[in-house]
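Listed below, chain by chain, are the residues.
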Amino acid sequence: MKITGAEIFLESLKREGVKYIFGYPGGVVLAIFDLLYDNKDIQLILTRHEQGAVHASDGYARSTGKAGVALVTSGPGATNTVTGIATAFMDSIPIVVFSGQVPTPLIGNDAFQEADIVGISRPCTKYNYLVKDVKELSRIVREAFYIAMSGRPGPVLIDLPRDVTASKTEFTWPEIDIRSYNPTYEGNRWMIVKAAHLIAKLKKAVIMAGGGVILSGGSKELRELAEHTEIPVTMTLMGLGSFPGTHNLSLGMLGMHGTYYANRAVQESDLLIAIGVRFDDRVTGKIDAFAPNAKIIHIDIDPTSIKKNVRVDIPIVGDVKRVLTVLNKILEEDVKEQWGEVRKAWSRQVDEWRKERPLTYTFSNEVIKPQFVVEKIYELTKGDAIITTEVGQNQMWTAQFYKFDKPRTLLTSGGLGTMGYGFPAAIGAQLAHPNKLVIDIAGDGSIQMNIQELATAVVNKLPVKVAILNNHYLGMVRQWQELFFNERYSYSHLHSDVVPDFAKVAEAYGAVGLRAIKPSEVEPVLKEAFKIKKTVFMDFIVDWKEKVYPMVPAGAPIDHMLFEEAEKKAEKKLKAVK
Amino acid sequence: MRHTISLLVENKFGVLSRIAGLFSGRGYNIESLSVGETIDPQISIMTIVTSGDDQIIEQITKQLNKLIDVIKVVDMTEFDHVEREMVLIKVAPKQEEKAEVLRLAEIFRGRIVDSSQNTYTIEVTGDEKKIEAIIELLKPMGIKEFVRTGKIAIAREGVKK
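Remember, predicted model here, so these are calculated numbers, not experimental data.

Draft legend 1. Representation of the interface of chain A and chain B. Facing the 18 residues of chain A at the interface are 20 residues of chain B. The contact between chain A and chain B buries some 1,600 Å² in all, and 47% of this surface belongs to carbon and sulfur atoms. When the area that chain A buries against chain B is broken down by residue, the three leading residues are R122, Y127 and R179 of chain A, summing to 38%. Joining chain A to chain B, the criterion identifies 3 salt bridges. A salt bridge links E58 of chain B to K307 of chain A, with the nearest nitrogen and oxygen atoms 3.9 Å apart. Taken together, chain A and chain B are joined by 13 residue pairs in polar contact (both at pLDDT 80 or more). Ranked by residue count, the leading element in the side of chain A that touches chain B is strand β6 (residues 127-130) of chain A, at 3 residues. Grouping the amino acids of the side of chain A that touches chain B by side-chain chemistry returns 7 nonpolar, 3 polar and 8 charged.

Draft legend 2. How the structure looks around the side chain of S121 of chain A. Residues and elements named next belong to chain A. By the secondary structure assignment, S121 is in helix α6 (residues 117-121). Taking the relative accessible area as the measure of exposure, S121 reaches 0% and is therefore buried. Each residue touching S121, except ones within four places of it in the same chain, is listed here: N128 and L157.

Draft legend 3. Just the pattern of salt bridges, in detail. This structure, assessed with the given rule, holds 46 salt bridges over all chains. For D58 of chain A, the salt bridge identified is with R62 of chain A, shortest N-O distance 2.6 Å. With D58 of chain A and R62 of chain A both in helix α3 (residues 50-64), this residue pair falls 4 residues apart, about one helical turn. By relative accessible area, D58 of chain A is classed as buried at 0%. Note that R354 of chain A and D351 of chain A form a salt bridge whose closest N and O atoms lie 3.2 Å from each other. Of this pair, R354 of chain A and D351 of chain A both sit in helix α15 (residues 339-356), separated by 3 residues, roughly a single helical turn. Classification of D351 of chain A by relative accessible area gives partly exposed; the value is 33%. Each member of the salt-bridge network shares a partner with another, and the members are R2, E31, E83, E128 and K151 of chain B.

Draft legend 4. The sheet that holds strand β20 (residues 536-541) of chain A, seen in detail. Residue and element names in this part refer to chain A. Sheet architecture is open: 6 strands sit in the order β16-β15-β17-β18-β20-β19, paired in parallel fashion. Bordering the open sheet on either side are β16 (410-411) and β19 (512-516), each of which pairs with just one other strand. Taken together, the 4 bridges between strand β15 (residues 386-389) and strand β17 (residues 438-443) define a ladder with parallel strand orientation. Counterpart to T389 in the pairing with β17 is I441.

Draft legend 5. Unusual backbone geometry, seen in detail. Residue and element names in this part refer to chain A. Note the cis peptide between V499 and P500, where omega equals -10 degrees. Following the sequence through the fold, P500 ends up in the loop between α21 (475-484) and α22 (502-508). Cis rather than trans, the peptide bond between Y549 and P550 has omega equal to -5 degrees. Tracing the backbone shows P550 in the loop between β20 and α24 (564-577). Unusually for a residue other than glycine, S92 sits at a positive phi of about 55 degrees. Relative to the helices and strands, S92 resides in the loop between α5 (82-90) and β5 (95-101). For S92, a relative accessible area of 7% corresponds to the buried category. With a phi angle near 55 degrees, E230 is a residue other than glycine that sits in the positive phi range. Inspection of the secondary structure assignment puts E230 in the loop between α11 (219-229) and β10 (233-235).

Draft legend 6. The arrangement of the pairing of strand β9 (residues 205-209) of chain A in detail. Residues and elements named next belong to chain A. Most of β9 is tucked away, with 5 of its 5 residues classed as buried. Burial of β9 is two-sided: the residues A205, I207 and A209 facing one way and the residues V206 and M208 facing the other way are all buried. In this structure, β9 lies alongside strand β12 (residues 271-275), joined through 5 bridges in parallel fashion. Considered in β12, the bridge of A205 is made with L271. Bridge count between β9 and β10: 3 bridges; the pairing is parallel. Bridged to I207 within β10 is V233.

Draft legend 7. A look at α15 of chain A. Residue and element names in this part refer to chain A. The end-to-end C-alpha distance of α15 is 25 Å, a good match for the 26 Å that 18 residues give at a rise of 1.5 Å each. Remark: the principal bend of α15, roughly 45 degrees, maps to A345. Taken together, the buried positions of α15 are occupied by W339, V342, R343, W346, V350 and W353. On its buried side, α15 packs onto α9 (189-201), β9, α11, β11 (250-253), α12 (260-268) and α14 (320-333).

Draft legend 8. Molecular detail of the sheet that holds strand β14 (residues 314-317) of chain A. Residues and elements named next belong to chain A. Taking strand neighbours across the sheet as the criterion, the 6 strands line up as β11-β10-β9-β12-β13-β14 in an open arrangement whose pairing is parallel. Bordering the open sheet on either side are β11 and β14, each of which pairs with just one other strand. For this sheet the average axis-to-axis angle between neighbouring strands, irrespective of direction, equals 15 degrees. When strand β13 (residues 295-300) meets β14, the two strands line up parallel, connected through 4 bridges. Each bridged residue has a counterpart across the sheet, and for D300 the counterpart in β14 is V317. Its contacts with the sheet put α14 on β12, β13 and β14, and the angle it makes with β13 is roughly 130 degrees.

Draft legend 9. Representation of the packing of α12 of chain A against α15 of chain A. All names here are of chain A. Between α12 and α15, the shortest axis-to-axis distance is 8 Å and the interhelical angle comes to 145 degrees. The hand of the α12/α15 crossing is right-handed. Each of Y260, Y261, R264, A265 and E268 in α12 lies in contact with α15, whose residues at this interface are W346, V350, W353, R354 and E356. Residues belonging to the contact of α12 with α15 are distributed by class as follows: 6 nonpolar, no polar and 4 charged.

Draft legend 10. Region of interest: the packing of aromatic side chains. Residue and element names in this part refer to chain A. With the rule as written, the count across this model stands at 18 aromatic pairs over all chains. Pairing Y361 with F401 gives two aromatic rings, centres 5.5 Å apart and planes at 85 degrees, and the pair type is edge-to-face. Pair noted here: Y361 is in the loop between α15 and α16 (370-381) and F401 is in helix α17 (residues 393-401), with a separation of 40 residues, a long-range link. The exposure class of F401 is buried, given its relative accessible area of 7%. Ring geometry for Y473 against Y489: centres 5.9 Å apart, planes inclined by 65 degrees, an arrangement best described as edge-to-face. Highlighted residues: Y473 in the loop between β18 (465-470) and α21 and Y489 in the loop between α21 and α22, separated in sequence by 16 residues. Among the aromatic residues, those joined into a ring-pair cluster are Y20, F22 and Y60. One cation-aromatic arrangement involves R478 over Y473; the distance from NZ or CZ to the ring centre is 5.7 Å.

About the cut-offs
In this convention, every chain numbers its residues from 1, walking through the sequence in written order. In the order they appear in the text, chains get letters beginning with A and ligands get numbers beginning with 1. pLDDT decides what is reported in this predicted model: residues at 70 or higher carry local features, side-chain atom pairs at 80 or more are listed and counted, and totals for whole chains, interfaces and linings draw on all residues regardless. Side-chain metrics rest on all non-hydrogen atoms present in the structure, leaving aside hydrogens and water. Any two residues whose heavy atoms approach within 4.5 Å at even a single point are treated as in contact. Two parts lose some accessible area (1.4 Å probe) when they are put together, and adding that loss for both gives the buried area. The rule for a salt bridge is simple: a side-chain nitrogen of Lys or Arg has to be within 4 Å of a carboxyl oxygen of Asp or Glu. Two N or O atoms form a polar contact when they lie within 3.5 Å of each other; inside protein one atom must be a possible hydrogen donor and the other a possible acceptor, and for residues adjacent in sequence the pair counts only when both atoms belong to side chains. Each helix is a run of DSSP H or I of at least 4 residues and each strand a run of E of at least 2, with the numbering of both proceeding from the N terminus. Classes in brief: Ala, Val, Leu, Ile, Met, Phe, Trp, Tyr, Cys and Pro nonpolar; Asp, Glu, Lys and Arg charged; the others, Gly included, polar. Three labels apply to residues, based on accessible area from a 1.4 Å probe with only protein chains included: buried if under 20% of the type maximum, exposed if over 50%, partly exposed otherwise in between. Here, strands pair whenever DSSP counts at least two bridges between them. The length a helix should cover is 1.5 Å for every residue beyond the first. One axis fitted to the seven residues ending at a residue, another fitted to the seven starting there: the angle between these axes is the bend at that residue. Working convention: axes come from line fits to C-alpha atoms, limited for helices to the stretch in contact. Angles between N-to-C directions cover 0 to 180 degrees. Handedness of a crossing is defined here by the sense of rotation of the near helix relative to the far one, left-handed for an anticlockwise turn of less than a right angle and right-handed for a clockwise turn. A pair of Phe, Tyr and Trp rings is counted when the ring centres sit within 6.5 Å of each other, with Trp represented by its six-membered ring. The angle between the planes then sorts it: under 30 degrees is stacked, over 60 is edge-to-face, the rest tilted. A positively charged side chain is recorded as over a ring if its NZ (Lys) or CZ (Arg) lies within 6 Å of the ring centre. The angle to the ring normal must also be within 35 degrees.

Set out below in structure tokens:
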């Protein structure tokens, strides 16, 4: 029996196990939307902006490990997805985005709502397709999900011209056969053996775990490796949760706003075991001065990540989980070492660094410190929540003061640094985990970048909580201006202590709005919000002067850190002079 | 250092754009590029001449390999291989230099493929040095224009450096 392209589209999604599509209708995709109207298997979640739809599908993907799906119309609908796609691309998140397209005979004619989205999205998708013939459609959908999910995951876009969705053909479901795409999953055994020997030989070792550990589901193996060999673990922003943040071997995050002890340990190490990372500049600081004395073992599924930014002594291309399984086995069987004895001096040194400069901030009774809010959220949730963040100070304070114990509990735009990501991502995560507490830790700047999704959350009865750390500034921009631009706060002041009233905005949308001005109000507000089974905005008016510390200035080695005390001392001196 | 990279790619629309986009997006330079079908019409072969230090060339080949439409990447520089390029040169020599132009064409085993009252068009095939040499020699005689194909390369059978 012949069916239409639109029907093939839906049947293919059903076979891929898709339950939710995040989307927005428009002219050329109406045939598909018409079918979705009474479809029982797949539910479309109508967002209020296409960017929100893509971020929501991304949040769904990050929190579940399954591919997220978005569906938008042509032209502006398609171009609005670009930021969401680029966000997923930088963080290797599997999503499949379907965009409508003008009918094939009109392509290239500058038709109404035509945009060359295949051309536009080429550099920020893992792969993309323009479907020219309805006979190819089911194969392309199947390939797209496979490509998105396999190897180093990433976004795939499929452009669907209107006539293709209208024309008819027999439904087929061909096996995947892409001769030019064969990701490497098994690491080279000889290299893994060499890595094991280095681990046994070198004493001052550090593990650096990244998002690849989470994507491959290798947290258990990572923990085995760390515990067996007694090697401390630091994580990149994307790696938070891959190893328990409360574990005594955890050093927390490294890099620009990493902990003092993580950065010191990496810099002084003689062996760096980098797992599922790509050595972003926010992690390495000055590249020539990064881990200068260390031999580097680099495990990653993407060969282009290896030796892209840093020199590598032992490259292992493969899936993190599989490579670590082999490595752990070799370490347990072949390499017999008294690990405690080997690492004794090093552990003592690392502990000294921990004591020397723990992560701190100065609590105040008068004004709410943003870190205090994050700490309280951690305390009250006992770490059992899905946290999303926006980008900037809110993101860094979350990374520092919330201890992530489990993978897929922190959803944040690491690579692209997309403001406006956290709220729609939380919506996607909440949909996938209806019984979990999902909290977006936001700034007053970022939340306004996708605030329209309040409607999506409320209409779909999603009890997402948004904690706005409101310092009425683009805080991270302001911080840089204070430190590096002579306190000239050029266009970073948002006046969001006055406009908007976030609580009222929330209420206007049918959500609940709460506000805390004094430190004593923080806990009651959080407790109340967590009790309410509705979407809640919490507006925390925080100390606008607060900065994220420690901080490594851009381009400096990562052990050249600025601390809060230094600032306090300088202030005192200044007062004395006056 | 300059490298000649040979790529087997799927013969689909958009592939050239993916490859060109990779080079431009990452700031690599394409010095020449030629594309053609292979014996299997579903596969095209591209020959790209690029330059960079070892680390950059390694990244280029890895990045090319990562593209989903790329089937195989060979850095020809690692193999003993034959390289050829063709040029069409339109010369407008003075009356007294016409003989010299024809002589040069002969020395370089070129062929005259078109001639008019005032011009000769010479076709020359060879490696890059040869092409550059004839261009240099013909310049003083008044080259109107020339068109080069870009390099193509093929490995010598059974010889590895």
